[in-house]
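Residue-level structure breakdown
Listed here are the chains, written in short residue letters.
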Amino acid sequence: MLMLRMLQICDGLGLHPLPLPKFNHDTQHPMKDFLKKVLGKDEKFYELLEASADEAQKSAKSLSKLYAQVGKPDFEQCFTELVVARRVDKRIGLSITQELCQTFVTPLEREDIEALANALYKIPKTCEKIGERLAICPSQFSTDIVDKQVRMLEQATEVTASLVRKLRKLSNVEEIQDDYETLQTIEGDADRLMVGLLRDLYQGNVDAKEVVVLKDIYELLERAIDHCRDAGKVVFQIALKYA
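Cut-offs applied
- Residues numbered from 1 in each chain as written.
- Predicted model: local features only at pLDDT ≥ 70, side-chain atom pairs only at ≥ 80, totals over all residues.
- Heavy atoms only, no water.
- Helix = DSSP H or I, 4+ residues; strand = E, 2+ residues; numbered from the N terminus.
- Areas by Shrake-Rupley, 256 points an atom, 1.4 Å probe, with all protein chains shown as cover.
- Salt bridge = Lys/Arg side-chain N within 4 Å of Asp/Glu carboxyl O.
- Buried < 20%, exposed > 50% of the residue type's maximum accessible area, 1.4 Å probe, protein only.
- Core = buried A, V, L, I, M, F, W, Y, C linked by side-chain atoms within 4.5 Å.
- Contact = heavy atoms within 4.5 Å.
- 1 Å grid on protein atoms, 1.4 Å probe; cavity = no way out; pocket = protein on both sides within 12 Å on 5 of 7 lines; lining within 4 Å.
- Points joined across faces, edges and corners; volume = space filled by probe spheres on them.
- Nonpolar A, V, L, I, M, F, W, Y, C, P; charged D, E, K, R; others polar.
- Axes fitted to C-alpha atoms, helices over the stretch in contact; angles between N-to-C directions.
- Parallel < 35°, antiparallel > 145°, perpendicular 65-115°, else oblique.
- Left-handed = near helix turned anticlockwise from the far one by under 90°.
- Patch = residues over 30% accessible without salt bridge, like charges linked within 9 Å, V, L, I, M, F, W, Y side chains within 5 Å.
- Lys, Arg positive; Asp, Glu negative; His and termini not counted.
- Charge placed at Lys NZ, Arg CZ, Asp CG, Glu CD.
- Expected span 1.5 Å × (residues − 1).
- pLDDT = per-residue confidence, 0-100.
- Phe/Tyr/Trp six-rings, centres within 6.5 Å; stacked < 30°, edge-to-face > 60°.
- Disulfide = S-S within 2.5 Å.

Before going further, it helps to spend a moment on the overall build of the protein chain. Looking only at helices and strands, the protein chain features eight helices and zero strands. Helices and strands appear in the protein chain in the N-to-C order α-α-α-α-α-α-α-α. Surface exposure of the protein chain reaches about 14500 Å², of which carbon and sulfur atoms provide 54%.

Encoded structure:
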């Protein structure tokens, strides 16, 4: 009754209550976005790390295509894909650094984010180095010898990308551990394969120039797989911290 009487008095005096504001829930609220960023609830870090892992996987696939084009007209185009993947990943790394500087609380420890970003970037960077070696190798170079190593690298980058996506949900440590052990197995198999390849290289009847080229490529491929294992190790350690 009191509220009704007050409304009648306001109406008699020509006063009208202010209409209630209407909020559009579909639009983003600046303060809400700011708090998410400051309090570490922003998804940006996960998105950037996943994008970096995707570029690492793309670089391994591009490298696989590049091997098939050695000495052929499409070699330059395939090599350009490698360069682009490395440059995109570098920009992603710079974005991660910028976000770390602008975010007060991060969803993961800063050191872990930086370590994972660095390990992921080294994968396309190493793939590009392999492409550079292929660009200057002798025309009679046979790519069949390192085909198995390249397929191992593709598999390792696929597992690495899967591990990075699991960062959003760290409750299932068992799955993360299984993927990390898979990476360790791939890395161990690659090491044993490289020893066998080097033995054949040193003991076989191979031209000295080809020995230098193949040894360099063997070592770079092994290094790329090691970087995948390093990235997986960071993810596994993060999972153990937040378990």
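That shown, we press on.
Taken as a whole and assessed by the stated rule, the structure comprises 16 salt bridges. Measuring nitrogen to oxygen at the nearest pair gives 3.3 Å for the salt bridge that ties E55 to K58. Highlighted residues: E55 and K58, both in helix α3 (residues 44-68), separated by three residues, approximately one helical turn. Owing to a relative accessible area of 46%, K58 belongs among the partly exposed residues under this scheme. In this structure, E81 engages K65 in a salt bridge whose closest nitrogen and oxygen atoms are separated by 3.1 Å.

All right, on to the nonpolar core then. Within the largest apolar cluster, 67 residues are counted, with the highest numbers of intra-cluster contacts made by L63, Y67, L134, L153, L167 and L221. Taken together, the elements giving at least two residues each to this core come down to α3, α4 (75-102), α5 (110-136), α6 (147-165), α7 (173-203) and α8 (208-242). Per element, the largest residue contribution to this core is 16 residues, and it comes from α8. Look past the residues within four positions of L63 in its chain and what remains in contact with it is L82, C127, I130, G131, L134, L153 and L221.

What follows covers the layout of surface pockets. Over the atoms rolls a probe the size of a water molecule, and in doing so it shows where empty space is left. Estimates place the volume of the largest pocket at around 180 Å³. If you trace the largest pocket, you find it lined by D89, K90, G93, L94, I96, T97, L100, E114, A117, N118 and Y121. At the level of secondary structure, the elements contributing two or more residues to the lining of the largest pocket comprise α4 and α5. Considering each element in turn, the lining of the largest pocket owes the most residues, seven residues, to α4. Broken down by class, the residue content of the lining of the largest pocket amounts to five nonpolar, three polar and three charged.

A few words now on the side chain of E128. Along the chain, E128 turns up in helix α5. The contact partners of E128, leaving out residues within four places of it in the chain, are F79, L82, V83 and R86.

Where α6 meets α8, the closest approach of the two axes is 9 Å, and the angle between their N-to-C directions is 15°. In terms of orientation, α6 and α8 fall into the roughly parallel class. In terms of crossing hand, the pair formed by α6 and α8 is left-handed. The residues of α8 that touch α6, namely those facing Q149, V150, M152, L153, A156, T157, T160, L163 and V164, are Y218, L221, E222, A224, I225, C228, A231, G232 and V235. Grouping the amino acids of the contact of α6 with α8 by side-chain chemistry returns 13 nonpolar, four polar and one charged.

Taken together, the side chains of E174, E175, D178 and E181 define an acidic patch exposed on the protein surface. Residue class for D178 comes out partly exposed when judged on its relative accessible area of 46%.

This part takes up α4. The end-to-end C-alpha separation of α4 is 41 Å, in line with the 40 Å expected for 28 residues at 1.5 Å each. Taken together, the buried positions of α4 are F75, C78, F79, L82, V83, A85, R86, D89, I92, I96, E99 and L100.

Let's shift gears to the confidence of the model for the protein chain. Across the protein chain, the average pLDDT comes to 82, with 79% of residues at 70 or higher. In the model of the protein chain, helix α2 (residues 30-38) stands out as the element of lowest mean pLDDT, 50, in contrast to α5, which has the highest, 94.

Each aromatic ring pair is described using two quantities: the centre-to-centre distance and the angle formed by the ring planes. Going through the model one piece at a time under the given rule, you end up with two aromatic pairs. Their ring planes at 20° and their centres at 5.1 Å tell us that Y180 and F236 sit as a pair that is stacked. Of this pair, Y180 sits in helix α7 while F236 sits in helix α8, and the two are 56 residues apart along the sequence.

So, on to the packing of α4 against α5. At a minimum axis distance of 9 Å, the contact between α4 and α5 shows a crossing angle of 165°. Relative to α5, the element α4 is oriented roughly antiparallel. Crossing of α4 over α5 shows left-handed handedness.

What follows concerns the state of the cysteines. Applying the stated criterion across every chain, the model contains zero disulfides. Take C127: it sits in no disulfide, and the sulfur closest to it among the cysteines is that of C228, at 7.7 Å. Looking at C127, the relative accessible area reads 0%, which means it is buried.

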